[in-house]
Amino acid sequence: MEEKTEVKIKSLQKALSVLDCFAEKPLLGVTEISEKLGLYKSNVHNILLTLKAMHYLEQDEESGKYRLSVAVFNLSRALTTTFAISKISLPYMQELADRVNERVFLAVPAGDEVLYLDSTYPKESFSLMRIITGDRAKMYCTGVGRAMMAYLPEKVIDEYLSHPLKKYTDYTITDPAVLRTELARTRTRGYSIDNMEHEFGVRCIGMPIFNKYKKLEGGISISGPAEHLSTEKLEEYAIILKNYITKIEERI
């Protein structure tokens, strides 16, 4: 049974409901939205003015009605880019999984977390496959997360490390100074290593994905049982992973 999620901020719910109205009709006035949602006109008017101030809406000079504006376009473009990365990466990820005979994950930054978009498994391991799309994990203690975290602006990293870090296993790095050293090491060698930090018995190697403007777009990791991924094996996989990352970056 689907879990019912409680709406915590009613005013935000109303604002998003107003924004949703423009999916059905591109140009709307206060009265139309008020009647559709059953809200007071004064309430709708204030929401519209706020969305206009935040550049989610703009007002037509002649009719006084509202339409979607540039901020919505920026969100749409970001979402399109996200799905494009997944579509472009998936064939390469499957090829990579079959080649190294381990699981391969694709993720993008989501605040202080990573959001997993896709995963591929070696063909002979499909029976062990689990859906990971939409799952989240902390950035600092995952292979793909730390690969991306290493390239965040310094002030973002400072803010991240100003908060307590949870210890998931005995191997999780929670000391900010040690973590900074690990991030520097990641930048130097071009890949990160999760040594059973998020899940005991599992090691990962991760690399970031950049677009043609050198902007961080996401990351890919190879994950498997610790006994499979020795230091020598990780170094070998780093070369292979870099080859596939380069192919993906050439297309985004």
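Just so it is clear, the structure is predicted and the values come from calculations on it, not from any experiment.

Participant: Hey, could you run me through the packing of helix α1 (residues 10–21) against helix α2 (residues 30–37) in this one?
Facilitator: Angle between the axes and distance between the axes are the two parameters that describe a pair of packed helices. Where α1 meets α2, the closest approach of the two axes is 11 Å, and the angle between their N-to-C directions is 115 degrees. Considering their axes alone, α1 and α2 lie roughly perpendicular with respect to each other. For the pair α1 and α2, the sense of crossing is right-handed. Counted together, Ser 17, Val 18 and Cys 21 of α1 and Ile 33, Lys 36 and Leu 37 of α2 form the full contact between these two elements. Here the residues of the contact of α1 with α2 are counted per class, giving four nonpolar, one polar and one charged.

Participant: Would you explain helix α6 (residues 154–161) in this entry?
Facilitator: Each full turn of the α-helix corresponds to 3.6 residues, which orients residues three or four apart in the same direction. Restricting attention to buried positions, one finds in α6 the residues Ile 157, Tyr 160 and Leu 161. End-on view of α6: buried residues confined to an arc of 85 degrees, all on one side of the axis. Turning to α6, the residues buried within the fold contact β5 (136–138), α5 (143–149) and α7 (176–189).

Participant: How should I be thinking about the nonpolar core in this particular structure?
Facilitator: Among soluble globular proteins, nonpolar side chains are generally buried collectively. In this structure, Leu 96, Val 104, Leu 106, Ile 220, Ile 222 and Leu 241 are the most contacted members of the largest nonpolar core, which totals 27 residues. Contributing elements (two or more residues each) for this core: α4 (70–100), β3 (103–110), β7 (202–210), β8 (216–225) and α8 (231–249). The leading source of residues in this core is α8, at eight residues. Core analysis: the second largest hydrophobic core is formed by 24 residues, Phe 105, Met 149, Ala 150 and Leu 165 among them.

What counts and how
Residues numbered from 1 in each chain as written. Predicted model: local features only at pLDDT ≥ 70, side-chain atom pairs only at ≥ 80, totals over all residues. Heavy atoms only, no water. Axes fitted to C-alpha atoms, helices over the stretch in contact; angles between N-to-C directions. Helix = DSSP H or I, 4+ residues; strand = E, 2+ residues; numbered from the N terminus. Parallel < 35°, antiparallel > 145°, perpendicular 65-115°, else oblique. Left-handed = near helix turned anticlockwise from the far one by under 90°. Contact = heavy atoms within 4.5 Å. Nonpolar A, V, L, I, M, F, W, Y, C, P; charged D, E, K, R; others polar. Buried < 20%, exposed > 50% of the residue type's maximum accessible area, 1.4 Å probe, protein only. Arc of directions from axis to C-beta. Core = buried A, V, L, I, M, F, W, Y, C linked by side-chain atoms within 4.5 Å.

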